[in-house]
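Listed below, chain by chain, are the residues.
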Amino acid sequence: MTDIDEKLRRLGDRLDEEAPPISAAEVVNRADHHPYPRQRWVAPATVAASIVLLVGVGLFIASTRDDGRSDLVTKPAGPSTTATTSSTTTTAPTTSVTSDVRGGLPGERQEIYPYEGARLAVVGVASGDGLNVRAGPGSDYLVVFVLEPLFEDARATGHNRLISGRGYWSEIRVGERSGWVNTDFVLQPGQVDDVTSRLYPAGVERPSGSLGQLATAVATRARGDEITPKVVIVDGPSDGEIGEVAVDILGVDDDSVGGFRLRIFAAPTGQGTYTVRNVEQTLLCTRGVTDDGLCL
Amino acid sequence: MASDDEDAFGALLRDVEPRLRRSLVAAYGPEAGREAAADALAWAWEHRGRMATVSNQAGYLWRVAQTSARRRRRGRRFEVTVDGMTEPAGDLPASAGWDADLVAALRRLTMHQRVAVVLVDAYGYHLSEAAAALDCSVSSLRNHLTRGRK
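Residues numbered from 1 in each chain as written. Chains lettered and ligands numbered in written order. Predicted model: local features only at pLDDT ≥ 70, side-chain atom pairs only at ≥ 80, totals over all residues. Heavy atoms only, no water.

## Section: the state of the cysteines
Residues and elements named next belong to chain A. Summed over the entire model, instances satisfying the criterion amount to one disulfide over all chains. Linked covalently through their sulfurs, C285 and C295 form a disulfide whose S-S length is 2.0 Å. Residues C285 and C295 are joined through a disulfide that is left-handed, its torsion about the S-S bond being -75 degrees. Taken as a pair, C285 in strand β14 (residues 273-285) and C295 in the segment after β14 lie far apart in primary sequence, 10 residues in all. Taken as a pair, C285 and C295 share a single burial class, namely buried. (Disulfide = S-S within 2.5 Å. Helix = DSSP H or I, 4+ residues; strand = E, 2+ residues; numbered from the N terminus. Buried < 20%, exposed > 50% of the residue type's maximum accessible area, 1.4 Å probe, protein only.)

## Focus: the pairing of β14 of chain A
Residue and element names in this part refer to chain A. With 10 of 13 residues buried, β14 is to be regarded as a mostly interior element. For strand β9 (residues 186-194) and β14, the ladder comprises five bridges, and the chain directions are antiparallel. Paired with V192 across the two strands is T282, which belongs to β14. Here strand β10 (residues 208-209) pairs with β14 via two bridges, running antiparallel. Following the sheet pairing, S208 is matched in β14 by T275. Of the strand pairs in this sheet, strand β13 (residues 257-270) and β14 are connected by 12 bridges, and their pairing is antiparallel. If you follow G259 over to β14, its bridge partner there is L284. (Pairing = 2+ DSSP bridges.)

## Some thoughts on the packing of aromatic side chains
The relative placement of two aromatic rings is captured by the distance of their centres and the angle of their planes. The final tally for this structure, using the stated rule, is four aromatic pairs over all chains. With a centroid separation of 5.8 Å and an interplanar angle of 35 degrees, the aromatic rings of W43 of chain B and Y60 of chain B are classed as tilted. One end of the pair, W43 of chain B, is in helix α2 (residues 30-46); the other, Y60 of chain B, is in helix α4 (residues 57-73), and 17 residues separate them in sequence. For the pair formed by W43 of chain B and Y60 of chain B, the shared burial category is buried. Over the ring of F145 of chain A we find R177 of chain A; its NZ or CZ atom is 4.1 Å from the centre of that ring. It is R48 of chain B that lies over the ring of W45 of chain B; its NZ or CZ is 3.6 Å from the centre. (Phe/Tyr/Trp six-rings, centres within 6.5 Å; stacked < 30°, edge-to-face > 60°. Lys NZ or Arg CZ within 6 Å of the ring centre and 35° of its normal.)

## Here we look at the confidence of the model for chain B
Residue and element names in this part refer to chain B. Summing up the model confidence of chain B, the mean pLDDT is 76 and the portion of residues at 70 or higher is 79%. Mean pLDDT values over the elements of chain B span from 76, in α4, up to 89, in α2. Overall fold confidence for the complex sits at a pTM of 0.49, while the interface term, ipTM, reaches 0.81. (pLDDT = per-residue confidence, 0-100.)

## A closer look at the nonpolar core
Ranked by internal contacts, the top residues of the largest apolar core, which has 58 residues, are L20 and L61 of chain B. Once you skip the residues sitting within four places of it in the chain, L20 of chain B turns out to touch A37, A40, L41, A58, L61 and W62 of chain B. Of all hydrophobic cores here, the second largest spans 25 residues; its members include Y200, A215, V252 and V276 of chain A. (Core = buried A, V, L, I, M, F, W, Y, C linked by side-chain atoms within 4.5 Å. Contact = heavy atoms within 4.5 Å.)

## Some remarks on the packing of helix α6 (residues 111-122) of chain B against helix α8 (residues 138-149) of chain B
Residues and elements named next belong to chain B. For the pair α6 and α8, interaxial distance at closest approach is 8 Å and the crossing angle is 90 degrees. For the element pair α6 / α8, the angle class is roughly perpendicular. From α6, H112, Q113, A116, V117, V120 and D121 reach across to α8, where they touch L141, H144, L145, R147, G148 and R149. Of the residues in the contact of α6 with α8, the class split is five nonpolar, four polar and three charged. (Axes fitted to C-alpha atoms, helices over the stretch in contact; angles between N-to-C directions. Parallel < 35°, antiparallel > 145°, perpendicular 65-115°, else oblique. Nonpolar A, V, L, I, M, F, W, Y, C, P; charged D, E, K, R; others polar.)

Structure follows, in structure tokens:
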């Protein structure tokens, strides 16, 4: 055994000491007392704060033009940023929230994905924005809670409706609460892969620039020949020892793959610039996800 | 816990827990990694019916754990550093009892490279076992390992 082998073996022993085995009792206790996922949206204080912000503190809801953008909420704190690859600026809403919930549901029920139990992630919502979850299918229903751009733990109930002129809406469940979302903004997350070497094989120079520029550069390289994808920065940019930014690429020309989420990690090179270090890709699936994390 | 459920989950734990915990610890550090593993196993318990139909349970839970791990490391810095010796919170510490050079070297790897090296070279898992834990092919695992060992 070489010296490095011995060091690694000792490292393994030390890691096992620091992180001992997890017992069945610990697992069951954790599941009973802290159901997975640990959602930030279930706390009453969070819900109350969201509703106060929505209704009374000058937080605007998007206009009545229901093209899907009306389901996005522009929060007062934090700028929302979008990549320049395609035009996806958040609208400047001015209408107030309607408070009535109509009896009955509009549109027609559709036997289509997402099917009951499918795990759903919020997609295509710019960093700093949020996705409205409404009391019914349509933007004139009351907002019951809001999901952050990176939220990945909603569940489809299997009830989907096509609203004439307004697209598809799906009923979702988050913990004990349920509501409706425009399906343009939810997809099923699949496998996560480190795609750094695929995007930038040996000999290919990795891009440098600001984190926003890197987001655009990596998204452009990742989307390949896609002509009209929608590219949105959904997290960050976050400066630091390692810069981070996450980008959603949507609208790809594929029935099963709705898009990709790229999480870009970059090393600082000085004066606010970075070089791509790693890129993690999450598949975003339309119809469903196999046990292997591939899109159905 | 019903007896059948208990038996089945016990079997899952025996088979999956060590690799899952060690993979996540290698990726995110002892504290965050163990928490992510415990979260994923709690999820597996809550969804034990579905887990019974999954062929690669270790790899499936590795993916489940990523969501938890990312949530925990938000606000902390990612483990890969460029300059070497700094200690992001939740990372492999370079304090007494740790080989500082080795820890620093592991920090310079990508997550998948680091996990591959730790599983195969530190814990002695076969390539197929490590690949299953990372939910990747053996050839991908070999690539991670080769680059990590350099």
